[in-house]
Amino acid sequence: MDKFIIDGGERLYGKLQAQSAKNTVLPLLAASVLTDEQVKIRGVPTICDVENMLRILTEVGCRIKRQKDCTVIDSSGAVSHEIPPRLTKELRSSVFMLGSVLTRFRRAKISYPGGCDIGLRPIDLHLSGLKRLGVEICEEGGYIECKADKLVGAEILLDFPSVGATENIILAAVKAEGITVVRNAAKEPEIVDLQNFLNAMGARVRGAGGGTVVIEGVKRLHGVDYTPIGDRIEAGTYLIAAASCGGEIEISGVPPENIAALLHKLRENGCKIHTKNDKIILRSDGKLKSVDLVETMPFPGFPTDLQAQYSALCCTCTGTTLVVENLFETRYKYAAELKRMGADVTVRGRTAVIRGVEKLHGARVTASDLRGGAALVVAALKAEGQSDIVDLSHIDRGYADFEYKLKKLGAKIRRVRI
Ligand code: UD1
(Lines give C-alpha, C1' and ligand atoms only; values in the text may rest on other atoms or scores of the structure.)
Protein backbone atom coordinates (compact mmCIF):
# COMPACT_ATOMS: atom_id res chain seq x y z
CA MET A 1 0.00 0.00 0.00
CA ASP A 2 1.21 3.54 -0.80
CA LYS A 3 0.73 6.82 1.01
CA PHE A 4 1.35 10.48 0.26
CA ILE A 5 3.36 12.59 2.65
CA ILE A 6 2.47 16.23 2.14
CA ASP A 7 4.07 19.25 3.81
CA GLY A 8 1.36 21.86 3.48
CA GLY A 9 1.47 25.60 3.12
CA GLU A 10 3.15 26.04 -0.29
CA ARG A 11 1.61 28.26 -2.92
CA LEU A 12 1.15 26.66 -6.34
CA TYR A 13 2.57 28.16 -9.54
CA GLY A 14 2.97 26.80 -13.06
CA LYS A 15 1.39 25.27 -16.12
CA LEU A 16 -0.26 21.90 -16.60
CA GLN A 17 -1.87 20.00 -19.45
CA ALA A 18 -5.02 18.09 -18.49
CA GLN A 19 -5.00 14.32 -19.07
CA SER A 20 -7.57 12.80 -21.43
CA ALA A 21 -10.88 12.54 -19.58
CA LYS A 22 -11.23 9.30 -17.63
CA ASN A 23 -14.99 9.40 -18.08
CA THR A 24 -14.60 9.64 -21.85
CA VAL A 25 -11.80 7.15 -22.28
CA LEU A 26 -13.67 4.40 -20.41
CA PRO A 27 -16.78 4.37 -22.67
CA LEU A 28 -14.56 4.81 -25.75
CA LEU A 29 -12.60 1.71 -24.79
CA ALA A 30 -15.88 -0.16 -24.36
CA ALA A 31 -17.01 1.15 -27.77
CA SER A 32 -13.91 -0.22 -29.46
CA VAL A 33 -15.48 -3.71 -29.60
CA LEU A 34 -18.09 -2.32 -32.01
CA THR A 35 -15.69 -2.75 -34.93
CA ASP A 36 -13.28 -5.41 -36.21
CA GLU A 37 -10.90 -2.73 -37.39
CA GLN A 38 -8.19 -1.06 -35.32
CA VAL A 39 -9.19 1.67 -32.91
CA LYS A 40 -6.50 4.14 -31.88
CA ILE A 41 -7.08 6.36 -28.88
CA ARG A 42 -4.54 9.11 -28.13
CA GLY A 43 -3.34 10.17 -24.69
CA VAL A 44 -5.05 7.39 -22.71
CA PRO A 45 -4.08 8.17 -19.09
CA THR A 46 -2.22 5.59 -17.01
CA ILE A 47 -4.76 5.22 -14.23
CA CYS A 48 -6.09 2.07 -12.60
CA ASP A 49 -9.64 2.38 -14.00
CA VAL A 50 -8.23 2.44 -17.53
CA GLU A 51 -5.85 -0.47 -16.84
CA ASN A 52 -8.82 -2.51 -15.53
CA MET A 53 -10.91 -1.66 -18.60
CA LEU A 54 -8.00 -2.74 -20.84
CA ARG A 55 -7.81 -6.01 -18.86
CA ILE A 56 -11.53 -6.59 -19.45
CA LEU A 57 -11.02 -6.01 -23.18
CA THR A 58 -8.08 -8.43 -23.21
CA GLU A 59 -10.15 -11.08 -21.42
CA VAL A 60 -12.95 -10.88 -23.99
CA GLY A 61 -10.33 -11.48 -26.70
CA CYS A 62 -9.17 -8.02 -27.85
CA ARG A 63 -5.50 -7.33 -28.54
CA ILE A 64 -4.15 -4.17 -26.96
CA LYS A 65 -0.98 -2.30 -27.83
CA ARG A 66 -0.01 0.42 -25.38
CA GLN A 67 2.31 2.80 -27.23
CA LYS A 68 3.74 6.02 -25.82
CA ASP A 69 0.93 8.34 -26.82
CA CYS A 70 -1.45 5.94 -28.49
CA THR A 71 -3.42 2.89 -27.35
CA VAL A 72 -4.40 0.52 -30.15
CA ILE A 73 -7.31 -1.86 -29.67
CA ASP A 74 -7.83 -4.68 -32.14
CA SER A 75 -11.16 -6.38 -31.46
CA SER A 76 -11.14 -8.66 -34.51
CA GLY A 77 -10.48 -11.65 -32.25
CA ALA A 78 -13.08 -10.79 -29.58
CA VAL A 79 -14.81 -14.03 -28.68
CA SER A 80 -16.46 -13.71 -25.32
CA HIS A 81 -19.73 -12.06 -24.35
CA GLU A 82 -18.95 -12.64 -20.65
CA ILE A 83 -17.33 -9.84 -18.71
CA PRO A 84 -15.08 -11.36 -16.01
CA PRO A 85 -16.73 -10.75 -12.57
CA ARG A 86 -13.39 -10.19 -10.83
CA LEU A 87 -12.77 -7.08 -12.94
CA THR A 88 -16.39 -5.93 -12.95
CA LYS A 89 -16.20 -5.60 -9.17
CA GLU A 90 -13.19 -3.26 -9.51
CA LEU A 91 -14.71 -0.95 -12.06
CA ARG A 92 -18.21 0.45 -12.39
CA SER A 93 -17.61 1.49 -16.00
CA SER A 94 -17.42 -2.19 -16.88
CA VAL A 95 -21.20 -1.76 -17.18
CA PHE A 96 -20.64 0.09 -20.49
CA MET A 97 -19.47 -3.18 -21.91
CA LEU A 98 -23.09 -4.32 -21.73
CA GLY A 99 -24.23 -2.05 -24.60
CA SER A 100 -21.23 -2.63 -26.84
CA VAL A 101 -20.91 -6.38 -26.21
CA LEU A 102 -24.64 -6.77 -26.88
CA THR A 103 -24.23 -4.96 -30.18
CA ARG A 104 -21.32 -7.23 -31.07
CA PHE A 105 -22.60 -10.66 -29.91
CA ARG A 106 -26.35 -10.13 -29.39
CA ARG A 107 -25.74 -11.33 -25.85
CA ALA A 108 -23.83 -10.20 -22.79
CA LYS A 109 -23.25 -11.47 -19.27
CA ILE A 110 -21.95 -9.27 -16.49
CA SER A 111 -21.97 -9.30 -12.70
CA TYR A 112 -23.19 -6.24 -10.81
CA PRO A 113 -20.57 -3.49 -11.25
CA GLY A 114 -18.42 -2.06 -8.44
CA GLY A 115 -16.53 1.26 -8.29
CA CYS A 116 -16.47 3.91 -5.56
CA ASP A 117 -18.68 3.26 -2.57
CA ILE A 118 -20.56 6.57 -2.76
CA GLY A 119 -24.16 5.40 -2.69
CA LEU A 120 -26.60 2.91 -4.14
CA ARG A 121 -25.68 3.44 -7.81
CA PRO A 122 -28.40 1.25 -9.34
CA ILE A 123 -28.41 0.39 -13.05
CA ASP A 124 -32.19 0.14 -13.54
CA LEU A 125 -32.17 2.97 -16.12
CA HIS A 126 -29.53 1.16 -18.18
CA LEU A 127 -31.54 -2.05 -18.11
CA SER A 128 -34.94 -0.52 -18.86
CA GLY A 129 -33.39 1.38 -21.81
CA LEU A 130 -31.90 -1.82 -23.18
CA LYS A 131 -35.25 -3.59 -22.79
CA ARG A 132 -36.83 -0.91 -24.98
CA LEU A 133 -34.34 -1.88 -27.70
CA GLY A 134 -35.60 -5.47 -27.59
CA VAL A 135 -33.14 -6.96 -25.08
CA GLU A 136 -34.32 -9.77 -22.82
CA ILE A 137 -32.78 -9.44 -19.39
CA CYS A 138 -32.42 -12.09 -16.74
CA GLU A 139 -31.00 -11.11 -13.34
CA GLU A 140 -29.93 -14.08 -11.25
CA GLY A 141 -27.30 -14.85 -8.62
CA GLY A 142 -25.60 -11.44 -8.91
CA TYR A 143 -25.35 -11.72 -12.71
CA ILE A 144 -27.17 -9.86 -15.45
CA GLU A 145 -27.68 -11.85 -18.63
CA CYS A 146 -28.85 -10.02 -21.72
CA LYS A 147 -30.00 -11.52 -25.00
CA ALA A 148 -31.46 -10.02 -28.16
CA ASP A 149 -32.17 -11.75 -31.47
CA LYS A 150 -32.01 -8.31 -32.90
CA LEU A 151 -31.72 -4.79 -31.54
CA VAL A 152 -34.45 -2.47 -32.76
CA GLY A 153 -34.51 1.32 -32.40
CA ALA A 154 -37.03 2.80 -29.94
CA GLU A 155 -38.13 5.96 -28.13
CA ILE A 156 -36.63 6.00 -24.65
CA LEU A 157 -37.36 8.53 -21.95
CA LEU A 158 -34.94 8.41 -19.03
CA ASP A 159 -36.46 9.15 -15.60
CA PHE A 160 -33.16 10.84 -14.74
CA PRO A 161 -30.39 12.04 -17.08
CA SER A 162 -27.96 9.27 -16.10
CA VAL A 163 -24.57 9.54 -17.79
CA GLY A 164 -23.92 5.80 -17.85
CA ALA A 165 -27.44 4.86 -18.99
CA THR A 166 -27.29 7.42 -21.83
CA GLU A 167 -23.92 6.03 -22.96
CA ASN A 168 -24.98 2.40 -22.67
CA ILE A 169 -28.13 2.98 -24.71
CA ILE A 170 -26.15 4.82 -27.41
CA LEU A 171 -23.69 1.89 -27.58
CA ALA A 172 -26.52 -0.62 -27.91
CA ALA A 173 -28.43 1.49 -30.48
CA VAL A 174 -25.61 2.43 -32.78
CA LYS A 175 -26.05 -0.62 -35.02
CA ALA A 176 -29.70 -1.34 -34.17
CA GLU A 177 -32.38 -1.51 -36.83
CA GLY A 178 -34.01 1.92 -37.25
CA ILE A 179 -33.88 5.03 -35.13
CA THR A 180 -33.50 5.40 -31.36
CA VAL A 181 -34.42 8.61 -29.59
CA VAL A 182 -33.19 9.11 -26.02
CA ARG A 183 -35.03 11.90 -24.22
CA ASN A 184 -33.91 13.46 -20.96
CA ALA A 185 -30.45 12.22 -21.92
CA ALA A 186 -27.42 13.32 -19.90
CA LYS A 187 -25.76 16.44 -21.37
CA GLU A 188 -22.23 15.95 -20.03
CA PRO A 189 -19.34 16.82 -22.40
CA GLU A 190 -18.28 13.17 -22.22
CA ILE A 191 -21.53 12.18 -24.00
CA VAL A 192 -20.70 14.64 -26.79
CA ASP A 193 -17.23 13.11 -27.05
CA LEU A 194 -18.69 9.60 -27.30
CA GLN A 195 -20.97 10.84 -30.07
CA ASN A 196 -18.02 12.38 -31.95
CA PHE A 197 -15.97 9.20 -31.54
CA LEU A 198 -18.77 6.96 -32.82
CA ASN A 199 -19.50 9.27 -35.75
CA ALA A 200 -15.80 9.15 -36.65
CA MET A 201 -16.31 5.35 -36.86
CA GLY A 202 -19.22 5.80 -39.26
CA ALA A 203 -22.11 5.95 -36.80
CA ARG A 204 -25.02 8.38 -37.10
CA VAL A 205 -25.57 9.97 -33.70
CA ARG A 206 -26.74 13.53 -33.16
CA GLY A 207 -28.08 15.78 -30.43
CA ALA A 208 -25.63 14.87 -27.65
CA GLY A 209 -25.18 17.75 -25.21
CA GLY A 210 -28.71 18.98 -25.85
CA GLY A 211 -30.81 16.54 -23.88
CA THR A 212 -32.23 14.51 -26.77
CA VAL A 213 -29.93 12.09 -28.57
CA VAL A 214 -30.98 10.55 -31.87
CA ILE A 215 -29.20 7.42 -33.06
CA GLU A 216 -29.78 6.14 -36.56
CA GLY A 217 -28.60 2.54 -36.68
CA VAL A 218 -25.90 1.73 -39.28
CA LYS A 219 -24.78 -1.64 -40.65
CA ARG A 220 -21.10 -1.39 -39.83
CA LEU A 221 -18.54 0.73 -38.06
CA HIS A 222 -14.91 1.13 -39.08
CA GLY A 223 -11.61 1.87 -37.32
CA VAL A 224 -10.74 5.31 -35.98
CA ASP A 225 -7.83 7.40 -34.70
CA TYR A 226 -9.22 9.66 -31.97
CA THR A 227 -8.06 12.18 -29.36
CA PRO A 228 -10.50 12.42 -26.44
CA ILE A 229 -11.36 15.67 -24.63
CA GLY A 230 -9.39 16.80 -21.58
CA ASP A 231 -10.41 15.78 -18.09
CA ARG A 232 -12.51 18.58 -16.57
CA ILE A 233 -12.54 16.90 -13.16
CA GLU A 234 -8.77 16.52 -13.04
CA ALA A 235 -8.35 20.14 -14.19
CA GLY A 236 -10.94 21.27 -11.64
CA THR A 237 -9.03 19.51 -8.85
CA TYR A 238 -5.80 21.43 -9.63
CA LEU A 239 -7.70 24.70 -9.95
CA ILE A 240 -9.31 24.14 -6.55
CA ALA A 241 -5.93 23.27 -5.01
CA ALA A 242 -4.33 26.47 -6.38
CA ALA A 243 -7.34 28.56 -5.37
CA SER A 244 -7.13 27.23 -1.82
CA CYS A 245 -3.33 27.41 -1.41
CA GLY A 246 -2.88 30.64 -3.34
CA GLY A 247 -0.67 31.10 -6.39
CA GLU A 248 -1.20 31.21 -10.13
CA ILE A 249 -1.69 28.26 -12.46
CA GLU A 250 -2.58 27.75 -16.08
CA ILE A 251 -4.35 24.59 -17.24
CA SER A 252 -4.66 23.68 -20.90
CA GLY A 253 -6.81 21.11 -22.60
CA VAL A 254 -10.23 21.76 -21.05
CA PRO A 255 -12.69 24.18 -22.67
CA PRO A 256 -13.75 26.57 -19.85
CA GLU A 257 -17.43 25.97 -20.62
CA ASN A 258 -16.93 22.34 -19.53
CA ILE A 259 -16.30 23.50 -15.93
CA ALA A 260 -18.17 26.79 -15.98
CA ALA A 261 -20.05 25.93 -12.77
CA LEU A 262 -16.78 25.55 -10.84
CA LEU A 263 -15.21 28.68 -12.36
CA HIS A 264 -18.31 30.65 -11.36
CA LYS A 265 -17.97 29.54 -7.72
CA LEU A 266 -14.21 30.16 -7.62
CA ARG A 267 -14.75 33.70 -8.92
CA GLU A 268 -17.35 34.23 -6.17
CA ASN A 269 -14.74 32.97 -3.69
CA GLY A 270 -12.47 35.79 -4.83
CA CYS A 271 -10.17 34.12 -7.40
CA LYS A 272 -9.19 35.94 -10.59
CA ILE A 273 -9.82 33.72 -13.59
CA HIS A 274 -9.03 34.33 -17.25
CA THR A 275 -9.91 31.96 -20.03
CA LYS A 276 -8.76 31.74 -23.62
CA ASN A 277 -9.77 28.88 -25.94
CA ASP A 278 -8.92 25.75 -23.94
CA LYS A 279 -6.73 27.54 -21.36
CA ILE A 280 -7.80 28.50 -17.86
CA ILE A 281 -5.58 30.80 -15.81
CA LEU A 282 -6.37 31.15 -12.13
CA ARG A 283 -4.83 33.56 -9.62
CA SER A 284 -5.60 33.45 -5.93
CA ASP A 285 -4.16 35.11 -2.83
CA GLY A 286 -5.23 32.06 -0.80
CA LYS A 287 -7.62 34.12 1.35
CA LEU A 288 -11.05 33.22 0.05
CA LYS A 289 -14.53 34.12 1.16
CA SER A 290 -17.18 31.44 1.28
CA VAL A 291 -20.10 31.17 -1.10
CA ASP A 292 -23.46 30.53 0.57
CA LEU A 293 -24.50 27.41 -1.30
CA VAL A 294 -23.08 24.83 -3.65
CA GLU A 295 -25.42 22.15 -4.91
CA THR A 296 -24.42 19.28 -7.21
CA MET A 297 -26.51 18.80 -10.36
CA PRO A 298 -26.25 17.03 -13.69
CA PHE A 299 -24.26 19.01 -16.31
CA PRO A 300 -24.14 22.02 -16.71
CA GLY A 301 -24.67 22.19 -12.93
CA PHE A 302 -21.91 21.83 -10.36
CA PRO A 303 -20.35 18.36 -10.88
CA THR A 304 -20.69 15.84 -8.08
CA ASP A 305 -17.15 14.70 -8.96
CA LEU A 306 -15.80 18.05 -7.70
CA GLN A 307 -18.01 18.30 -4.61
CA ALA A 308 -15.45 16.78 -2.22
CA GLN A 309 -12.47 18.80 -3.49
CA TYR A 310 -14.50 22.02 -3.42
CA SER A 311 -15.71 21.24 0.11
CA ALA A 312 -12.05 20.92 1.17
CA LEU A 313 -11.49 24.45 -0.14
CA CYS A 314 -14.53 25.72 1.81
CA CYS A 315 -12.93 24.55 5.08
CA THR A 316 -10.60 27.57 5.21
CA CYS A 317 -12.82 30.20 3.58
CA THR A 318 -14.14 33.02 5.78
CA GLY A 319 -17.79 32.26 6.43
CA THR A 320 -20.09 29.25 6.14
CA THR A 321 -20.91 27.17 3.05
CA LEU A 322 -23.90 24.90 2.67
CA VAL A 323 -23.11 21.95 0.39
CA VAL A 324 -25.94 19.82 -1.02
CA GLU A 325 -25.11 16.53 -2.76
CA ASN A 326 -28.01 15.62 -5.03
CA LEU A 327 -26.50 12.72 -6.98
CA PHE A 328 -24.87 10.24 -4.64
CA GLU A 329 -26.23 9.79 -1.13
CA THR A 330 -23.06 8.78 0.75
CA ARG A 331 -20.50 11.08 -0.82
CA TYR A 332 -19.30 12.67 2.43
CA LYS A 333 -17.08 9.92 3.82
CA TYR A 334 -14.10 12.24 3.53
CA ALA A 335 -15.71 14.74 5.97
CA ALA A 336 -14.67 12.74 9.04
CA GLU A 337 -11.08 12.80 7.79
CA LEU A 338 -11.21 16.57 7.17
CA LYS A 339 -12.31 16.99 10.78
CA ARG A 340 -9.11 15.25 11.88
CA MET A 341 -7.31 18.10 10.14
CA GLY A 342 -9.27 20.68 12.12
CA ALA A 343 -12.15 21.34 9.70
CA ASP A 344 -15.56 22.32 11.08
CA VAL A 345 -17.98 20.21 9.03
CA THR A 346 -21.41 18.91 9.99
CA VAL A 347 -23.04 16.36 7.70
CA ARG A 348 -26.75 15.51 7.76
CA GLY A 349 -27.90 13.24 4.94
CA ARG A 350 -27.20 14.96 1.64
CA THR A 351 -26.19 18.26 3.25
CA ALA A 352 -22.91 19.45 4.74
CA VAL A 353 -22.47 22.68 6.65
CA ILE A 354 -18.86 23.86 6.45
CA ARG A 355 -17.84 26.68 8.77
CA GLY A 356 -14.55 28.16 7.66
CA VAL A 357 -11.65 27.89 10.15
CA GLU A 358 -8.49 29.96 10.10
CA LYS A 359 -6.23 27.02 9.40
CA LEU A 360 -6.14 23.27 9.01
CA HIS A 361 -3.36 21.21 10.56
CA GLY A 362 -1.61 18.15 9.18
CA ALA A 363 -2.93 14.71 10.18
CA ARG A 364 -2.87 11.05 9.20
CA VAL A 365 -6.00 10.47 7.10
CA THR A 366 -7.35 7.68 4.92
CA ALA A 367 -8.64 8.08 1.37
CA SER A 368 -11.76 5.96 1.06
CA ASP A 369 -12.90 6.95 -2.43
CA LEU A 370 -11.45 8.62 -5.52
CA ARG A 371 -12.70 12.21 -5.27
CA GLY A 372 -12.83 12.14 -1.46
CA GLY A 373 -9.15 11.14 -1.59
CA ALA A 374 -8.38 14.07 -3.88
CA ALA A 375 -10.18 16.33 -1.39
CA LEU A 376 -7.83 15.19 1.37
CA VAL A 377 -4.87 16.06 -0.86
CA VAL A 378 -6.34 19.55 -1.44
CA ALA A 379 -6.80 20.01 2.32
CA ALA A 380 -3.30 18.71 3.13
CA LEU A 381 -1.70 21.08 0.61
CA LYS A 382 -3.28 23.98 2.49
CA ALA A 383 -2.79 22.64 6.04
CA GLU A 384 -0.02 23.66 8.37
CA GLY A 385 2.46 20.84 8.98
CA GLN A 386 2.72 17.33 7.62
CA SER A 387 -0.14 15.07 6.51
CA ASP A 388 -0.04 11.40 5.65
CA ILE A 389 -2.73 10.30 3.20
CA VAL A 390 -3.02 6.58 3.45
CA ASP A 391 -4.28 4.14 0.81
CA LEU A 392 -3.81 5.64 -2.62
CA SER A 393 -5.61 2.84 -4.47
CA HIS A 394 -8.72 4.98 -4.99
CA ILE A 395 -6.83 8.14 -5.98
CA ASP A 396 -4.79 6.10 -8.48
CA ARG A 397 -8.03 5.12 -10.23
CA GLY A 398 -8.47 8.63 -11.58
CA TYR A 399 -5.35 10.84 -11.46
CA ALA A 400 -2.34 10.07 -13.65
CA ASP A 401 0.97 11.38 -12.25
CA PHE A 402 -0.86 13.18 -9.45
CA GLU A 403 2.18 13.81 -7.27
CA TYR A 404 4.43 14.71 -10.25
CA LYS A 405 1.96 17.29 -11.48
CA LEU A 406 1.55 18.77 -8.00
CA LYS A 407 5.33 18.81 -7.47
CA LYS A 408 5.68 20.65 -10.77
CA LEU A 409 3.42 23.31 -9.31
CA GLY A 410 5.66 23.58 -6.23
CA ALA A 411 3.81 21.32 -3.77
CA LYS A 412 5.81 19.31 -1.25
CA ILE A 413 4.38 15.86 -1.81
CA ARG A 414 5.94 12.43 -2.04
CA ARG A 415 4.71 8.88 -2.43
CA VAL A 416 5.98 6.29 0.03
CA ARG A 417 5.39 2.54 0.11
CA ILE A 418 4.14 1.30 3.51
C1 UD1 B 1 -20.89 9.00 -14.20
C2 UD1 B 1 -19.42 9.26 -13.95
C3 UD1 B 1 -19.21 9.64 -12.50
C4 UD1 B 1 -20.09 10.81 -12.12
C5 UD1 B 1 -21.54 10.56 -12.50
C6 UD1 B 1 -22.43 11.77 -12.31
C7 UD1 B 1 -18.35 7.78 -15.55
C8 UD1 B 1 -17.49 6.60 -15.77
N9 UD1 B 1 -18.68 8.05 -14.27
O10 UD1 B 1 -21.27 7.92 -13.34
O11 UD1 B 1 -17.83 9.97 -12.35
O12 UD1 B 1 -20.02 11.02 -10.73
O13 UD1 B 1 -21.63 10.17 -13.88
O14 UD1 B 1 -21.97 12.84 -13.03
O15 UD1 B 1 -18.69 8.48 -16.47
N16 UD1 B 1 -29.07 6.24 -11.38
C17 UD1 B 1 -30.18 5.47 -11.20
N18 UD1 B 1 -30.36 4.40 -12.04
C19 UD1 B 1 -29.48 4.10 -13.04
C20 UD1 B 1 -28.37 4.91 -13.23
C21 UD1 B 1 -28.19 5.98 -12.38
O22 UD1 B 1 -30.98 5.69 -10.31
O23 UD1 B 1 -29.71 3.13 -13.78
C24 UD1 B 1 -28.84 7.39 -10.48
C25 UD1 B 1 -27.60 7.23 -9.63
O26 UD1 B 1 -27.85 6.50 -8.48
C27 UD1 B 1 -27.22 8.66 -9.35
C28 UD1 B 1 -27.64 9.38 -10.61
O29 UD1 B 1 -28.57 8.53 -11.27
O30 UD1 B 1 -27.99 9.15 -8.29
C31 UD1 B 1 -26.50 9.74 -11.53
O32 UD1 B 1 -25.83 8.59 -11.93
P33 UD1 B 1 -25.16 8.46 -13.37
O34 UD1 B 1 -25.29 9.74 -14.11
O35 UD1 B 1 -25.68 7.23 -13.99
O36 UD1 B 1 -23.65 8.24 -12.97
P37 UD1 B 1 -22.66 7.17 -13.55
O38 UD1 B 1 -22.88 6.99 -15.00
O39 UD1 B 1 -22.61 6.00 -12.66
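Definitions and limits used
- Residues numbered from 1 in each chain as written.
- Predicted model: local features only at pLDDT ≥ 70, side-chain atom pairs only at ≥ 80, totals over all residues.
- Heavy atoms only, no water.
- Helix = DSSP H or I, 4+ residues; strand = E, 2+ residues; numbered from the N terminus.
- Rg over C-alpha atoms; globule rule 2.2 N^0.38 Å.
- Contact = heavy atoms within 4.5 Å.
- Areas by Shrake-Rupley, 256 points an atom, 1.4 Å probe, with all protein chains shown as cover.
- Lys, Arg positive; Asp, Glu negative; His and termini not counted.
- Charge placed at Lys NZ, Arg CZ, Asp CG, Glu CD.
- Near = heavy atom within 4 Å.
- Polar contact = N/O pair within 3.5 Å; in protein donor to acceptor, adjacent residues only side chain to side chain.
- Phe/Tyr/Trp six-rings, centres within 6.5 Å; stacked < 30°, edge-to-face > 60°.
- Buried < 20%, exposed > 50% of the residue type's maximum accessible area, 1.4 Å probe, protein only.
- Lys NZ or Arg CZ within 6 Å of the ring centre and 35° of its normal.
- Core = buried A, V, L, I, M, F, W, Y, C linked by side-chain atoms within 4.5 Å.
- Salt bridge = Lys/Arg side-chain N within 4 Å of Asp/Glu carboxyl O.
- Pairing = 2+ DSSP bridges.
- Axes fitted to C-alpha atoms, helices over the stretch in contact; angles between N-to-C directions.
- Domains from an automatic or database assignment.
- Buried area = accessible area lost by both parts, 1.4 Å probe.

Peer 1: Hey, could you go over the overall build of the protein for me, with residue numbers and the actual values?
Peer 2: On a plain count of helices and strands, the protein comes out with 13 helices and 23 strands. Relative to its length of 418 residues, the protein is compact, with a C-alpha radius of gyration of 21 Å against a globular reference of 22 Å. In the protein, of all internal contacts separated by at least 6 residues, the share reaching a separation of at least 24 is 72%. Accessible surface, the protein: about 16,300 Å² in total, of which carbon and sulfur atoms supply 49%. Across the protein, 58 positive and 51 negative side-chain charges occur, with their mean positions spaced 2 Å apart.

Peer 1: Please give an account of the site of the ligand that cites residues and values.
Peer 2: Around the ligand there are 19 residues in total, and Asp 124, Leu 125, Ser 162, Asp 305 and Leu 327 lie nearest to it. A distance of 3.0 Å separates an oxygen atom of the ligand from a polar side-chain atom of Asn 23. Interatomic distance of 2.8 Å between a backbone N/O atom of Val 163 and an oxygen atom of the ligand. Counting residues per element, the ones that place at least two in the shell around the ligand are α5 (124-132) and α6 (163-173).

Peer 1: Would you mind going over the packing of aromatic side chains in detail, with residue names and values included?
Peer 2: Per the counting criterion, the structure on display carries six aromatic pairs. With a centroid separation of 6.3 Å and an interplanar angle of 50°, the aromatic rings of Tyr 332 and Tyr 334 are classed as tilted. A relative accessible area of 8% places Tyr 332 in the buried class. Three or more aromatic residues link up through ring pairs in this structure, and these residues are Phe 4, Tyr 238, Tyr 399 and Phe 402. A cation sits over an aromatic face here: Lys 109 above Tyr 143, 4.7 Å from the ring centre.

Peer 1: Give a detailed account of the nonpolar core, specifying residues and quantitative values.
Peer 2: Leu 29, Met 97, Phe 197 and Leu 198 are the most contacted members of the largest nonpolar core, which totals 72 residues. If we skip the residues at most four places from it in the chain, Met 97 touches Ala 30, Val 33, Met 53, Ile 56, Leu 57, Ile 83 and Leu 102. Grouped together as the second largest cluster of nonpolar side chains are 71 residues, Ala 235, Ala 242, Ile 395 and Ile 413 included.

Peer 1: Quick one: what's the story with the pattern of salt bridges, residue by residue and with numbers?
Peer 2: In this structure the tally under the stated criterion is 26 salt bridges. Its salt-bridge partner being Glu 10, residue Lys 412 comes within 3.3 Å of it at the nearest N-O pair. With a gap of 402 residues between them, Lys 412 in strand β23 (residues 412-417) and Glu 10 in the loop between β1 (2-7) and β2 (12-17) connect regions that are remote in the sequence. Between Arg 183 and Glu 155 there is a salt bridge, with its nearest N and O atoms 3.1 Å apart. A residue pair is termed long-range when its members are at least 10 positions apart, and Arg 183 in strand β10 (residues 179-183) and Glu 155 in strand β9 (residues 155-157) qualify at 28 residues. The structure contains a network of salt bridges with shared partners spanning Asp 2, Asp 396, Glu 403, Arg 415 and Arg 417.

Peer 1: So what's going on with the environment of Glu 216? Residues and values would help.
Peer 2: Relative to the helices and strands, Glu 216 resides in strand β12 (residues 212-216). Owing to a relative accessible area of 27%, Glu 216 belongs among the partly exposed residues under this scheme. Residues Glu 216 and Thr 180 lie 36 residues apart in sequence; the distance between their C-alpha atoms is 6.4 Å.

Peer 1: Account for the sheet that holds strand β20 (residues 351-355), naming residues and giving values.
Peer 2: Read from one edge to the other, the open sheet built from four strands follows the order β17-β18-β20-β19, with strand pairing classed as mixed. Each edge of the sheet is formed by a strand with only one pairing partner; in this case those strands are β17 (293-295) and β19 (344-348). Pairwise comparison of adjacent strand axes, ignoring direction, gives a mean angle of 15° for this sheet. In this structure, strand β18 (residues 320-324) lies alongside β20, joined through five bridges in antiparallel fashion. Bridging from a neighbouring strand, Leu 322 pairs with Val 353 of β20. In the packing of helix α10 (residues 307-314) onto the sheet, contacts are made with β17, β18 and β20, and the angle to β18 comes to roughly 165°.

Peer 1: Got a sec to walk through the environment of Ala 383? Specific residues and values, please.
Peer 2: With respect to the helices and strands, the residue Ala 383 is situated in the loop between α12 (370-382) and β22 (386-390). By relative accessible area, which is 0% here, Ala 383 ends up buried. Not counting residues up to four positions away in its chain, the partners in contact with Ala 383 are Gly 8, Gly 9, Met 341, Leu 360, His 361 and Gly 362.

Peer 1: Describe the sheet that holds strand β7 (residues 136-140), and please don't skip the residues or the numbers.
Peer 2: If you trace the three strands from one edge of the open sheet to the other, you get β6-β8-β7, paired in antiparallel fashion. Each of the sheet's edge strands pairs with one partner strand only, and the pair in question is β6 (107-111) and β7. The average angle at which neighbouring strand axes cross in this sheet is 15°, direction not considered. Along the sheet face, helix α4 (residues 96-105) touches β6 and β8 (143-147) and points at about 150° away from the line of β6.

Peer 1: Which residues make up the domain arrangement of the protein, and what values do they have?
Peer 2: What the domain assignment reports for the protein is domain 1 (2-19 + 230-417) and domain 2 (22-226). Put simply, the middle of domain 1 and the middle of domain 2, counted by C-alpha atoms, are 30 Å apart. With 21 residues of domain 1 at the interface, the matching set in domain 2 holds 20 residues. For the pairing of domain 1 and domain 2, the buried interface totals around 1,800 Å² over both sides, and the portion due to carbon and sulfur atoms is 55%. Looking at the side of domain 1 facing domain 2, the largest losses of area belong to Phe 299, Phe 328 and Arg 397, adding up to 32% of the total buried there. Across the contact surface, domain 1 and domain 2 share two salt bridges.

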